Amino acid sequence: MEPFGIPLATIYLYGLIISGVLTVIYVLFADVFHFSGGDGLHFLNPVLVFAFVTILSASGYLFERLSDLNYGLIFGISAVLSFIVVTLLNVFVLVPLSSAEESLVYKESDLRGRIGAVITAIPADGFGEVMIDSASGRIAKPARSFDGDQIPNGAEVLVVQVKNGVLEVTVHRELESYL
């Protein structure tokens, strides 16, 4: 069969090339073209659609070139194969990636109320450095005394506020238990 006077193998090859190029472009610019399918349209994710068309075209091309099967049967086998592969891709790759932690980035406002250790002594009217342990690693930030007191190296401090990227800290004192 030759629709539009073009052999089916050539149509499958064109489909493979075009969908492959669109997939690469989408992967490179996915942040610009962010897709949110809502609650019921996750199967219309562009990655899944492009993968379906790419696998359908590739398997259709191979079957057309390497077998003597009927064109309808080739299309059916290719569609089923591509549906299975895309389903596996979605279940084992895309769903786990979407539920993974997005980033280990922190906001400076998140540091308020955290306890850290002074790694460079903080003079009364100057700057030192504080190390804060977090789940994603350690954060070292410049610091100054909130109260205007000198804070020695190794002291535990409480972050009171953050101004212009500099932590304002005070010496951390634990509350005594009266129980």
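These lines cover the structure that appears in this document, whether it is placed above or below. Bear in mind the structure is a predicted one, so any value in this text is a computation, not a measurement.

**With respect to the overall build of the protein chain**
Broken down by element type, the protein chain carries three helices and five strands. For the protein chain, the proportion of its 179 residues judged to be buried stands at 23%. Within the protein chain, counting contacts between residues at least 6 apart in sequence, those at least 24 apart form 49% of the total.

**Here's the deal with the nonpolar core**
Grouped together as the largest cluster of nonpolar side chains are 13 residues, with contacts concentrated most on Val118, Ile122, Val130, Ile151, Leu167 and Val169. Counting only elements with at least two residues in this core, the list comes to strand S2 (128-134), strand S3 (137-145), strand S4 (156-163) and strand S5 (166-171). Not counting the four nearest positions on each side in its chain, Val130 is found in contact with Gly116, Ala117, Val118, Ile119, Ile122, Ile139, Ala140, Lys141, Ala143, Val157, Leu167 and Val169.

**Details of the packing of helix H2 (residues 46-66) against helix H3 (residues 71-98)**
Across the interface, H2 lies against H3 with an axial gap of 8 Å and an inter-helix angle of 145 degrees. Considering only the axes of H2 and H3, their crossing is right-handed. In terms of residue class, the contact of H2 with H3 is made up of 18 nonpolar, five polar and one charged.

**A short note on the sheet that holds S2**
Pairing within the closed barrel is mixed, and its five strands lie in the order S1-S2-S3-S5-S4. The mean inter-strand angle of the sheet, taken between neighbouring strand axes irrespective of direction, is 55 degrees. In terms of strand pairing, S4 meets S5 through six bridges, oriented antiparallel. Paired with Gln161 across the two strands is Glu168, which belongs to S5.

**Some points on the environment of Val171**
Note on placement: Val171 falls in strand S5. Separated by 22 residues in sequence, Val171 and Asp149 place their C-alpha atoms 9.0 Å apart. Apart from residues no more than four positions distant in its own chain, Val171 is found in contact with Ile151, Glu156 and Val157.

**Notes on the pairing of S2**
For strand S1 (residues 115-120) and S2, the ladder comprises three bridges, and the chain directions are antiparallel. When the bridges of S2 are listed, Ala117 appears paired with Met131. Pairing between S2 and S3: seven bridges, direction antiparallel. Residue pairing across strands places Ile132 opposite Ile139, the latter belonging to S3. Between S2 and S3, which pair antiparallel and follow one another directly, the connecting turn spans two residues.

**Quick look at H3**
For H3, built from 28 residues, the straight-helix expectation of 40 Å at 1.5 Å per residue is met to within 8% by its first-to-last C-alpha distance of 37 Å. Of all the bends found along H3, the most pronounced is centred on Asn90 and spans about 40 degrees. By the burial criterion, the buried members of H3 are Ile74, Ser78, Ala79, Ser82 and Val86.

**Description of the pattern of salt bridges**
This model, assessed by the stated rule, comprises three salt bridges. The shortest N-O distance in the salt bridge between Glu108 and Lys141 comes to 2.9 Å. Pair noted here: Glu108 is in the loop between H3 and S1 and Lys141 is in strand S3, with a separation of 33 residues, a long-range link. Taking the relative accessible area as the measure of exposure, Lys141 reaches 11% and is therefore buried. As a salt-bridge pair, Arg138 and Asp133 come within 2.9 Å of each other at their nearest N and O atoms. Each of the two residues, Arg138 as well as Asp133, counts as exposed.

Rules used throughout
Residues numbered from 1 in each chain as written. Predicted model: local features only at pLDDT ≥ 70, side-chain atom pairs only at ≥ 80, totals over all residues. Heavy atoms only, no water. Helix = DSSP H or I, 4+ residues; strand = E, 2+ residues; numbered from the N terminus. Buried < 20%, exposed > 50% of the residue type's maximum accessible area, 1.4 Å probe, protein only. Contact = heavy atoms within 4.5 Å. Core = buried A, V, L, I, M, F, W, Y, C linked by side-chain atoms within 4.5 Å. Axes fitted to C-alpha atoms, helices over the stretch in contact; angles between N-to-C directions. Left-handed = near helix turned anticlockwise from the far one by under 90°. Nonpolar A, V, L, I, M, F, W, Y, C, P; charged D, E, K, R; others polar. Pairing = 2+ DSSP bridges. Expected span 1.5 Å × (residues − 1). Bend = angle between axes of the 7 residues up to and from the residue. Salt bridge = Lys/Arg side-chain N within 4 Å of Asp/Glu carboxyl O.

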